[in-house]
Structure formats: structure tokens, C-alpha cells
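Below are the chains, spelled out letter by letter.
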Amino acid sequence: MSCVVIVGAQWGDEGKGKVTDYLASRADVVVRYQGGNNAGHTVVIGSQEFRLHLIPSGIFYPDKVCIIGNGLVVDPEVLFQELDGLLARGVKNGRLCISDRAHILLPCHKRLDEAQEDARGNQKIGTTRRGIGPAYVDKVSRVGLRTGELLEPGWEDYVSQLVEQKNAVFEKLYGVPGFDPAEIVVWLKPYAERMRPFITDTSLLLSRYLAEGRHVLFEGAQGTLLDLDHGTYPFVTASSPAAGGACTGSGVGPTAIDRVLGVCKAYLTRVGEGPFPTELMGVDCEDLRQRGMEFGTTTGRPRRCGWLDLVMLRYAARINGLSGLIITKLDVLDHMPKVRLCTAYRRGGEVLKEFPASLRVLRECEPVYEELDGWQQDTSGIRRYEDLPEAARRYLQRISEITGVPVVMVSVGPDREQTIVLQEVF
Ligand code: IMP
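Residues numbered from 1 in each chain as written. Predicted model: local features only at pLDDT ≥ 70, side-chain atom pairs only at ≥ 80, totals over all residues. Heavy atoms only, no water.

Run through the sheet that holds strand β19 (residues 407–411), naming residues and quoting values.
By definition, the strands of a sheet pair up through backbone hydrogen bonds, in either a parallel or an antiparallel sense. Here we have 10 strands laid out as an open sheet, ordered β9-β7-β5-β2-β10-β1-β11-β15-β19-β20, and mixed in their pairing. Looking at the sheet topology across the chains shown, the edges are occupied by β9 (199–200) and β20 (419–421). Taken together, the 5 bridges between strand β1 (residues 2–8) and strand β11 (residues 259–265) define a ladder with parallel strand orientation. Looking across to β11, one finds that Val7 is bridged to Gly262. (Pairing = 2+ DSSP bridges. Helix = DSSP H or I, 4+ residues; strand = E, 2+ residues; numbered from the N terminus.)

Quick look at the structure:
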């Protein structure tokens with residue numbers, strides 16, 4: 001039995017979808033433990049590209065079980081659009097199970113997210129506007145609707161009350177129209193029926209799989225620096241993408257987890273607002289953006305791009321207890337004559353080695369770089385670590401030395417095959 005958690009070690013978009021899809025071939029069960037359809041996981045299989053937002057990336061294997069854990073907020077419309085889309089494209093999908101404790105995201109959460117972002121003006125967070133924050137607010141306020149409640153009589157009245165409460169907020173605080181509660185009930189009813197066969201106690205299911213000695217893969221969405229507690233607050237998401245979230249978001253205890261692997265791009269990107277010390281501007285940013293196709297999977301927004309920040313990565317290693325690193329998109333740097341790694345920050349006369357909690361401090365940080373020779377050679381066809389150009393190996397080695405975490409896998413392109421394995425995960 002082996003229980004492995006995959007987390008984003010940066011600000012999301014590290015290529016976790018491809019990595020999870022690759023590792024899912026060796027796992028029996030794939031579990032999403034937090035977030036919702038703010039995530040966008042791209043999986044390339046042969047000539048086909050798939051974009052997943054809610055469904056775990058193990059879905060492409062018919063013999064796998066895919067679990068949507070209790071830590072998620074589920075927009076039922078998106079869930080079934082996604083499932084129907086996969087079926088229409090001929091995917092022979094695995095078995096999908098949804099936790100009876102996962103929360104339902106309603107259209108009013110989405111509108112509230114939009115109204116709040118618009119009201120923030122130039123203070124905006126840059127959310128995906130998918131309603132994620134407001135759905136989690138309802139969960140924490142203990143007024144949320146859980147999937148399990150949809151199996152019981154009387155949820156219609158509860159939803160009507162919830163919508164009426166939200167309508168008061170829309171009208172009084174934001175001056176935007178609310179929803180007709182009856183329409184929301186009518187909207188939800190067919191989804192509630194369709195969801196019924198998928199809803200179960202997934203913590204119990206997982207405990208049985210673990211007792212049978214199955215391999216379980218936890219698929220984090222977003223990234224450590226977007227974690228509500230450990231990320232660059234307030235420019236974070238409303239859930240716990242860091243490894244600790246795998247336990248609370250699935251109902252599996254921490255002693256069951258064997259390894260935590262951090263997925264990290266060979267450079268760094270960010271969508272949304274907030275400080276980014278190694279950010280590149282102008283043509284340098286545009287070059288990385290175009291070569292790395294750095295546009296949001298969920299929103300299409302162009303991503304901000306910069307050099308790999310190892311101060312941040314060391315922080316992610318600590319927060320998650322990383323046992324291995326998976327470096328993705330190494331091939332995007334193939335053309336560069338020189339590559340840079342940020343090893344510390346300079347702030348005034350002071351050198352900082354640890355990632356600060358204060359965004360005011362982070363904003364004032366200048367990166368201290370270590371410059372290395374680029375490899376200027378196409379790595380996308382390479383499948384063995386020994387065959388990588390020496391300068392590329394040196395780059396990976398420095399990442400490992402400075403973070404104290406071994407590199408266990410390297411991705412050199414979006415396809416399943418474009419993967420270099422240094423250490424088997426399962
Ligand atoms: P929310 O999750 O939609 O509330 O957005 C909060 C912050 O997280 C914003 O900066 C988003 O851009 C960011 N975010 C949410 N999901 C993702 C993701 O999957 N990748 C990268 N950034 C994300």
C-alpha cells in the first residue's frame with residue numbers, strides 16, 4: 001500500500017494534471033481534496049487535449065476509482081458538463097465517487113464572487129469568479145448545503161432560505177439583482193437526481209481501499225502559495241491546497257500518508273494579483289508566456305511569468321514536508337543562453353532567506369540570483385536523466401541542493417510520454 005500526495009509547490013498551474021494523469025496509471029484510486037472548478041488541469045493524451053476542472057485527473061483510466069473528497073465545493077452544472085464532455089469524446093472513464101460531505105456551489109455563490117470582486121475595485125484579489133470563496137464562506141458559516149443533504153427530503157426549503165438570505169446581501173450591499181429561490185430549486189433538482197448514485201461516504205471507502213493495500217494518489221489543486229493559511233494572503237484561494245489539506249479534505253488520517261511530492265515548474269507563473277519578486281516584464285515575460293503557453297485553463301487570463309524562486313520553494317518544501325520534487329516544463333527553458341535561480345531576497349541592507357508572511361515585506365524584496373549556463377538544446381525528446389544536457393542536469397541539481405529535496409521526476413512536454421523518471425513513486 002502506498003499513499004502519495006501531489007501538491008502544487010508554487011502559485012498553481014504547475015502541471016499537476018499531467019503529473020497526476022501519469023502517476024494515476026500506477027495508482028488504484030485518485031482523490032481530489034480541495035477547491036472546486038477554479039482549478040484547471042490540462043491532460044494531453046495522444047493528439048487530444050482535455051481540460052478538467054472538478055473531476056480528478058485519474059478519470060482517463062477505466063479501472064481507476066476517482067474521488068471528489070469532502071474538502072471540495074462542487075458546482076453540479078460544471079460537474080456534469082465535464083462528465084458529459086468526456087463521454088462525448090469517447091473517454092472510457094473510471095468510477096466516480098463524490099463525498100456526502102462535499103459542499104454544493106450554487107449560482108448565487110458565483111454572482112456573489114463577481115459582485116465582491118467588482119466592489120473591490122483596484123483592491124481586487126483576481127479570483128476566477130467561479131464562486132469558490134463564497135461557497136467556502138457558507139461552509140465555514142455553517143449554512144452550506146452538502147451533497148449528502150440532497151439525498152434527504154426537505155433540501156428544497158433549505159435552498160430557498162439560503163437564496164433568500166443571499167438576495168438580501170445582493171440588494172443591500174451590492175445593488176445587484178438576486179435570484180428567484182424557486183428557480184434555483186428547479187435548476188438543482190435534476191442535478192441532485194443525477195448525483196445520487198455517485199454520492200457516498202468516501203472517507204469510509206478510502207479506509208477500505210487502504211486496508212486492501214491499494215495505491216492512493218491525492219491530487220492537490222491550486223498551489224501552496226495559494227493556500228488560505230500558508231499562501232500569500234489575501235491573494236489566496238479559500239481552501240487548503242497544501243499537503244495538510246489532503247487529510248482534512250478526504251477523511252484520511254496523516255499517518256496513512258507515505259510521501260508528499262511537490263510539483264514545480266522550471267520557472268514561475270502567477271495569475272491574479274499580489275507581489276511576485278522574480279516577475280519578468282515586457283518581452284522577457286512574453287517570451288516565457290508564449291513558449292510555455294501560459295494562459296489560464298479556467299479563465300484564459302495571461303499568466304505573469306518569472307524566474308524560479310527557491311526561497312518560495314524551500315518554504316513550500318517545509319509547509320508540505322516534501323519528500324520529492326517533480327519539475328515540469330523544463331523544455332520551455334531550452335532556448336535560453338542563461339538561466340536564473342532566485343536563492344535569497346534582498347530588502348534594504350538585509351538578506352532574507354525565509355519567505356515572509358507580510359506582503360508589505362515581500363513587495364520590497366529584490367531577488368538575489370544565481371546565474372547558470374543554459375543548455376540551448378531541445379530536451380523534449382529526452383526520456384532518461386543521463387541523456388539531459390549537462391547544463392540542464394546542473395540546473396536540476398542546484399534546485400535540489402538549495403531546497404534539500406530530491407528531484408524524482410522531470411517533465412519535458414505535455415504528453416504522457418514526455419516524462420523522465422528518476423525515482424519510481426509507487
Ligand atoms: P479563487 O480560487 O477563484 O477564489 O481565486 C483566488 C486566487 O487563486 C486568485 O488569485 C486566482 O487567480 C487563484 N487561483 C485559483 N485557482 C487557481 C488555479 O487553479 N491556478 C492558479 N491560480 C488559481
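Past the structure itself, the notes keep going.
Give me the domain arrangement of the chain: which residues, what numbers.
Along its sequence, the chain is organised into domain 1 (2–99 + 199–260), domain 2 (103–195) and domain 3 (264–421). Computed from C-alpha atoms alone, the centre-to-centre distance between domain 1 and domain 2 is 23 Å. With 25 residues of domain 1 at the contact, the number on the domain 2 side is 21 residues. Between domain 1 and domain 2, roughly 2000 Å² of surface is buried when both sides are summed, and carbon and sulfur atoms account for 63% of that area. Together, Val73, Phe80 and Ile199 form the three largest contributors to the area buried by domain 1 at its contact with domain 2, with a combined 32%. (Domains from an automatic or database assignment. Contact = heavy atoms within 4.5 Å. Buried area = accessible area lost by both parts, 1.4 Å probe.)

Break down the site of the ligand for me, with residues and values.
Near the ligand lie 16 residues; those nearest to it are Asp13, Asn38, Thr128, Thr237 and Arg301. In the environment of the ligand, a nitrogen atom lies 3.0 Å from a nitrogen or oxygen atom belonging to the side chain of Asp13. Contact between the ligand and Asn38: an oxygen atom at 2.9 Å from a side-chain N or O atom of the residue. Relative to its unbound accessible area of 470 Å², the ligand is 96% covered by the protein chains. Residue composition of the shell around the ligand, grouped by class: 6 nonpolar, 8 polar and 2 charged. (Near = heavy atom within 4 Å. Polar contact = N/O pair within 3.5 Å; in protein donor to acceptor, adjacent residues only side chain to side chain. Areas by Shrake-Rupley, 256 points an atom, 1.4 Å probe, with all protein chains shown as cover. Nonpolar A, V, L, I, M, F, W, Y, C, P; charged D, E, K, R; others polar.)

I'd like to hear about unusual backbone geometry, residue by residue, with values.
Each neighbour pair has its own omega, and for Tyr233 with Pro234 the value is 5 degrees, a cis peptide bond. With respect to the helices and strands, Pro234 occurs in the loop between β10 (215–219) and α8 (244–248). Here the phi dihedral of Arg142 falls at roughly 65 degrees; this positive angle occurs in a residue that is not glycine. At Met293, a residue that is not glycine, the phi angle is positive and equals roughly 50 degrees.

Outline the side chain of Thr232, listing residues and values.
Mapping Thr232 onto the fold places it in the loop between β10 and α8. Since its relative accessible area comes to 2%, Thr232 is described here as buried. Of the polar contacts made by the side chain of Thr232, one reaches the side chain of Arg270; its length is 3.2 Å. Ignoring sequence-local partners within four residues, the contact set of Thr232 consists of Trp11, Leu225, Arg270, Phe355, Leu359 and Leu362. (Buried < 20%, exposed > 50% of the residue type's maximum accessible area, 1.4 Å probe, protein only.)

Talk me through the packing of aromatic side chains; I want residue IDs and the actual numbers.
Overall, the coordinates contain 9 aromatic pairs when judged by the stated rule. When the ring of Phe80 is compared with that of Tyr191, the centres are 6.1 Å apart and the planes differ by 5 degrees; the resulting orientation is stacked. Note that Phe80 is positioned in helix α2 (residues 76–88) and Tyr191 in helix α6 (residues 181–195), a separation of 111 residues in sequence. Residue classification places Tyr191 among the buried residues on the basis of a relative accessible area of 18%. Measuring from centroid to centroid gives 6.1 Å for Phe170 and Phe179, while their planes differ by 55 degrees, and the two rings are tilted. Of the residues examined, Phe170 reaches a relative accessible area of 0% and is grouped as buried. (Phe/Tyr/Trp six-rings, centres within 6.5 Å; stacked < 30°, edge-to-face > 60°.)

How would you sum up the packing of helix α3 (residues 107–120) against helix α4 (residues 132–140)? Please name residues and give values.
Contact geometry for α3 and α4: axes closest at 7 Å, N-to-C directions at 115 degrees. Looking at the two axes, α3 sits roughly perpendicular to α4. Helix-helix and strand crossings are classified by hand; for α3 and α4 the assignment is right-handed. Touching His109, Leu112, Asp113 and Gln116 of α3 are Ile132, Pro134, Ala135 and Asp138, all from α4. (Axes fitted to C-alpha atoms, helices over the stretch in contact; angles between N-to-C directions. Parallel < 35°, antiparallel > 145°, perpendicular 65-115°, else oblique. Left-handed = near helix turned anticlockwise from the far one by under 90°.)

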